[in-house]
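Topology and contacts: notes
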Amino acid sequence: MTTIDKTALARLDQEGRLFNAVLKGPTSHPGRFGFRGDIALKFQPQIADEKRPPDFSIEQVLTAAQEGETTLPVLAGYIHSFAYLETVAEVLGGLLRPDGRYFIFCNNIDLLASYRVVIDNITYLILPCDESTVWKEMMDLMGIDKNDIKKLDTGGKLDVVLDVAARFDATYPFLSFADGVARMEPVKNRNANRPV
């Protein structure tokens, strides 16, 4: 049975960054440990032993780590502002690899644009996401029909999406992080149009 402490997710777990988990356990692939949930990027100051939610996170993360490997081959998640990408690179520093596939969805970029942004030799695929979920966007992007995987358990479904994502070839234009920050739009309030 694969445990998180034998994978590249161990450090994030020890730092208390993995939370809101839909899945945090072995998947259907031998030796693979899957995670679906949020990764805290910046913590709020803690007063006494009060547990406060993070300032901001990578939300709706889809990733998995192979036992004995030190890096994550694939990761997808949502950040509320493109500017957080720099913090993503810091927090995940050492856990990503140059030939990996890292999909970062964001709602304050041009909703018709997709980019490749390189930070510290790691390429992030920056994709728009407005009023959708990372899971739905990844299923669409990978061309996976939900009926084809509906009989699988949570770990099995994650395996299918990540296996296809690992082979995904992006031809999006390259953009520097500084240019991305200059182009980004105001962060949308996700609760603005919700009924009370």
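Residues numbered from 1 in each chain as written. Predicted model: local features only at pLDDT ≥ 70, side-chain atom pairs only at ≥ 80, totals over all residues. Heavy atoms only, no water.

Let's shift gears to the nonpolar core. Core analysis: the biggest nonpolar cluster contains 37 residues, and Leu85, Val88, Val117, Tyr124 and Ile126 have the highest contact counts within it. Breaking this core down by element, the ones donating at least two residues are β2 (32-42), β3 (56-66), β4 (72-79), α2 (85-91), β5 (96-106), β6 (115-119) and β7 (122-128). For Tyr124, the contacting residues outside a window of four places in its chain are Leu85, Val88, Ala89, Leu96, Tyr102, Ile104, Tyr115, Arg116, Val117 and Ile119. In terms of nonpolar packing, the next biggest core, distinct from the first, is built from 25 residues, Val74, Phe105, Leu125 and Leu127 among them. (Core = buried A, V, L, I, M, F, W, Y, C linked by side-chain atoms within 4.5 Å. Buried < 20%, exposed > 50% of the residue type's maximum accessible area, 1.4 Å probe, protein only. Helix = DSSP H or I, 4+ residues; strand = E, 2+ residues; numbered from the N terminus. Contact = heavy atoms within 4.5 Å.)

Taken as a whole and judged by the stated rule, the model has four aromatic pairs. Ring centres of Phe56 and Tyr84 lie 3.9 Å apart, and the angle between their planes is 10 degrees; this geometry places the pair in the stacked category. Pair noted here: Phe56 is in strand β3 and Tyr84 is in the loop between β4 and α2, with a separation of 28 residues, a long-range link. Overall, the relative accessible area of 16% leaves Phe56 in the buried class. Where Tyr102 meets Tyr124, the ring centres are 6.4 Å apart and the plane angle is 50 degrees; that geometry is what we call tilted. (Phe/Tyr/Trp six-rings, centres within 6.5 Å; stacked < 30°, edge-to-face > 60°.)

Among the residues making up helix α3 (residues 134-142), those that are buried are Val134, Trp135, Met138, Met139 and Met142. For α3, the arc enclosing every buried residue in end-on projection is 130 degrees, short of the 170-degree limit, so these residues lie on one face. The positive-phi residue at the C-terminal boundary of α3 is Gly143, with phi of around 70 degrees. (Arc of directions from axis to C-beta.)

What follows concerns the packing of α3 against helix α5 (residues 154-165). At a minimum axis separation of 10 Å, α3 and α5 run at an interaxial angle of 50 degrees. Viewed along their axes, α3 and α5 adopt a mutual orientation that is oblique. Crossing geometry of α3 relative to α5 is assigned as left-handed. Contacts between α3 and α5 involve Trp135, Met138, Met139 and Met142 from the former and Lys157, Leu158, Val161, Val164 and Ala165 from the latter. Classifying every residue of the contact of α3 with α5 gives eight nonpolar, no polar and one charged. (Axes fitted to C-alpha atoms, helices over the stretch in contact; angles between N-to-C directions. Parallel < 35°, antiparallel > 145°, perpendicular 65-115°, else oblique. Left-handed = near helix turned anticlockwise from the far one by under 90°. Nonpolar A, V, L, I, M, F, W, Y, C, P; charged D, E, K, R; others polar.)

Scanning the entire structure with this criterion turns up nine salt bridges. The closest approach of N and O atoms between Arg11 and Glu15, which form a salt bridge, is 3.2 Å. For Glu15, a relative accessible area of 35% gives the class partly exposed. For the salt bridge of Lys136 with Asp140, the shortest nitrogen-to-oxygen distance reads 3.0 Å. In this pair, Lys136 and Asp140 are both assigned in helix α3, four residues apart and thus about one turn of the helix distant. A single salt-bridge network, built from bridges that share partners, covers Arg11, Glu15 and Arg17. (Salt bridge = Lys/Arg side-chain N within 4 Å of Asp/Glu carboxyl O.)

Secondary-structure assignment places Ser57 in strand β3. By relative accessible area, Ser57 is classed as buried at 8%.

Glancing now at the sheet that holds β5. In spatial order, the strands read β1-β2-β3-β4-β5-β7-β6; together these seven strands make up an open sheet with mixed pairing. A single partner strand is all that each edge strand has here, and the edge strands are β1 (18-26) and β6. With direction set aside, neighbouring strand axes in the sheet form an average angle of 20 degrees. As judged from the six bridges shared by β1 and β2, these two strands associate in the antiparallel manner. Each residue of the ladder has a partner; that of Gly25, found in β2, is Gly34. This element, α3, spans β2, β3, β4, β5 and β7 of the sheet and lies at about 120 degrees to β5. (Pairing = 2+ DSSP bridges.)

Counting buried positions along β6 gives four out of five residues, so the element sits mostly inside the fold. The pairing of β6 with β7 spans five bridges and is classified as antiparallel. Bridge assignment links Tyr115 to a residue of β7, and that residue is Ile126.

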